[in-house]
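Commentary on secondary and tertiary structure
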Amino acid sequence: MKHTFLDLGTQPIANKFLQEADEDEYKFNLTVEFDDETKLVSLGNFVRPELMFNDSYVYHSSNSDTMRKHFKDYSQLLKGDFNPQKVLEIGSNDGVFIKNFDQKTTIAVEPCGNFAQLTNAMHYKTYNEFWSMDLAKKIVREDGKRDLISSSNCVCHIQNLDEAFAAVSECISEAGVFVFEDPSLLRMLERVSYDQIYDEHAHIFSVTALQNLLNRHGLEIFRVDNLEVHGGSNRIYACKTNSRKIEESVAINLKLEEKHGIGNLETYQDFAKKVQESKDSLVSILTNLKNSGKKIVSYGATSKSTTVFNYCGLGPDLIDCIVDTTTDKQGKLSPGMHIPVVSPDDGFDSTVDVAFLGAWNYEKEILAKEQKFIEDGGKFITHIPFVRVV
Ligand code: JHZ
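Rules behind the numbers
- Residues numbered from 1 in each chain as written.
- Predicted model: local features only at pLDDT ≥ 70, side-chain atom pairs only at ≥ 80, totals over all residues.
- Heavy atoms only, no water.
- Helix = DSSP H or I, 4+ residues; strand = E, 2+ residues; numbered from the N terminus.
- Rg over C-alpha atoms; globule rule 2.2 N^0.38 Å.
- Buried < 20%, exposed > 50% of the residue type's maximum accessible area, 1.4 Å probe, protein only.
- Contact = heavy atoms within 4.5 Å.
- Areas by Shrake-Rupley, 256 points an atom, 1.4 Å probe, with all protein chains shown as cover.
- Lys, Arg positive; Asp, Glu negative; His and termini not counted.
- Charge placed at Lys NZ, Arg CZ, Asp CG, Glu CD.
- 1 Å grid on protein atoms, 1.4 Å probe; cavity = no way out; pocket = protein on both sides within 12 Å on 5 of 7 lines; lining within 4 Å.
- Points joined across faces, edges and corners; volume = space filled by probe spheres on them.
- Nonpolar A, V, L, I, M, F, W, Y, C, P; charged D, E, K, R; others polar.
- Pairing = 2+ DSSP bridges.
- Axes fitted to C-alpha atoms, helices over the stretch in contact; angles between N-to-C directions.
- Parallel < 35°, antiparallel > 145°, perpendicular 65-115°, else oblique.
- Core = buried A, V, L, I, M, F, W, Y, C linked by side-chain atoms within 4.5 Å.
- Polar contact = N/O pair within 3.5 Å; in protein donor to acceptor, adjacent residues only side chain to side chain.

**Notes on the overall build of the protein**
Each helix and strand in the protein was counted, giving 13 helices and 17 strands. Here the C-alpha radius of gyration of the protein, 21 Å, is about what a compact globule of 390 residues would show, namely 21 Å. Referenced to the eigenvectors of the C-alpha coordinate spread, the extents of the protein come out at roughly 65 × 50 × 40 Å. Classification of the 390 residues of the protein by burial places 57% in the buried group. Contacts spanning at least 24 positions in sequence make up 66% of the contacts within the protein whose residues lie at least 6 apart. In the form shown here, the protein has an accessible surface area of approximately 16200 Å², with 48% of it arising from carbon and sulfur atoms. With 42 positive and 58 negative side-chain charges, the protein shows a spacing of 4 Å between the two charge centroids.

**Observations regarding the layout of surface pockets**
Taken as a whole, the second largest pocket holds about 410 Å³ of empty space. Looking at the lining of the second largest pocket, the elements with two or more residues in it are α2 (65-82) and α12 (363-369). Residue composition of the lining of the second largest pocket, grouped by class: 7 nonpolar, 6 polar and 6 charged.

**Focus: the sheet that holds strand β13 (residues 322-323)**
Here 6 strands make up an open sheet; going across it, the order is β14-β13-β12-β15-β16-β17 and the pairing mixed. Taken across any chain shown, the strands that pair with only one partner, and hence form the sheet edges, are β14 (341-342) and β17 (388-389). Across 2 bridges, strand β12 (residues 296-299) lies against β13 in parallel orientation. By the bridge assignment, Tyr299 is partnered in β13 with Val323. Set on the sheet, helix α9 (residues 265-291) makes contact with β12, β15 (354-357) and β16 (379-382); between it and β16 the angle comes to about 155°.

**Let's talk about the packing of helix α7 (residues 207-215) against helix α8 (residues 248-259)**
With their axes 9 Å apart at the nearest point, α7 and α8 run at an angle of 120° to one another. The angle between the axes of α7 and α8 places the two elements in the oblique class. Mapping the contact onto sequence places Val207, Thr208 and Gln211 in α7 and Val250, Asn253, Leu254 and Glu257 in α8. Across the contact of α7 with α8, the residue classes tally to 3 nonpolar, 3 polar and 1 charged.

**Considerations on the nonpolar core**
Counting residues in hydrophobic clusters, the biggest one holds 88 residues, and the most contacted among them are Leu6, Ile197, Phe271, Leu282, Leu314, Phe348 and Phe380. Sequence-distant contacts of Leu282, that is, excluding residues within four places in its chain, are made with Val308, Cys312, Leu314, Phe356, Ile381 and Val387. Residues Ile107, Leu161, Phe165 and Ala209 belong to the second largest nonpolar core, which totals 36 residues.

**Some remarks on the sheet that holds strand β2 (residues 27-35)**
Strand order in the open sheet made by the 4 strands is β1-β2-β3-β9, with antiparallel pairing throughout. Each edge of the sheet is formed by a strand with only one pairing partner; in this case those strands are β1 (2-12) and β9 (203-204). Of the pairings in the sheet, the one linking strand β3 (residues 41-43) to β9 comprises 2 bridges and is antiparallel in character. Across the sheet, the residue bridging to Val41 is Ile204, located in β9. The sheet strands contacting helix α10 (residues 303-312) are β1 and β2, and the helix crosses β1 at an angle near 90°.

**Re the environment of Ile384**
Here Ile384 lies in the loop between β16 and β17. Between the alpha carbons of Ile384 and Met188 there is a distance of 9.8 Å; along the sequence they are 196 residues apart. Excluding residues within four positions of it along the chain, Ile384 makes contact with Arg191, Val192, Ser193, Asp195 and Trp360.

**Some words on the side chain of Arg235**
Relative to the helices and strands, Arg235 resides in strand β11 (residues 233-240). Classification of Arg235 as buried rests on a relative accessible area of 5%. At 2.7 Å, the side chain of Arg235 and the side chain of Glu181 are in polar contact. The residues contacting Arg235, other than those within four sequence positions of it, are His70, Tyr74, Leu77, Val179, Phe180, Glu181, Arg223, Val224, Asp225 and Leu227.

Structure, rendered in structure tokens:
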């Protein structure tokens, strides 16, 4: 049975930045459910994938030093541990991961046409489609089974996980590995990072729920790495059932999640109360700062900040602009609240007093880069794990 435990209100498409304020915007009610059978946490209302992932998708996975290094290190680790001959990435975005693998033996799947075109031009055969059973069968026929199927920040976007995992099972070689990383539900609960919830994140994964779902399709988890990227993620290593030794990290993570009550509805009801407190506290601190004459901007036009701004009702009357290095977002208006997005050169100058860390997951990288702002008296504010000046 599914239980709705959180309502983040009416929300737009998190990555659909607008050219004009009067453009039509698709909106939906962002609620979150807990399934007490599988223990999976999912959105109550899924948004049609084509509305989010299409030829004008703006998010570049290689948008930070942190993530470029992350994907390079990750590729080396996979080569060292598994020496895969045939590789597939599901959700290859701008190629930040696959560029570390050989073009002749690596293929990619990417539904956003602008990015599929990019990786095809980099000579990686890229299927410009959503991951599905039909596609898995086509790949097996045309390219052969895969020794490594990797996917970063993509599996949690797939609404029908049963089909997705059955398709992985179809496409993977007998001794192959399926390695994927996504935001961790446990970290979200601990950090009250409710902004991990938006249209694209159809699910927020626990190891517990993934174990239940993968097992239905002849797959099992044999290793889990806890990562700091994207606000706390888990890297899940799965294989065909009984094909590899199950490592200690699996039991450690399952125990930790059990201790945190990941299988109990009360845990989520408690989280929902903390989300409301976080909102009240953020609205209050930003309103007080604005009333005392401070100029506030937001740093990083993230999907996460779309949730925060729309849930908390924070608009251009409080936040002058959002600064972001992504050229495809600049000159546009933020989804729902219509805050102008500008380049850091245009919006992050000496007149700014306070910057809300929309990209709080890059706190270290941003603070190191913006030392001058801090030395000159500027303040960064974050809501993670509670509302505070950094
Ligand atoms: P960032 C996206 O979420 C969407 P978002 C997606 N659904 C997902 O799962 C995660 O990524 C992985 C900018 N920036 O990575 C660049 C600066 O301007 O937190 C980006 O627009 N200056 C696929 O959107 C944004 O911030 C900087 O110095 O929440 C960061 O977006 C840095 C470091 C970043 O992902």
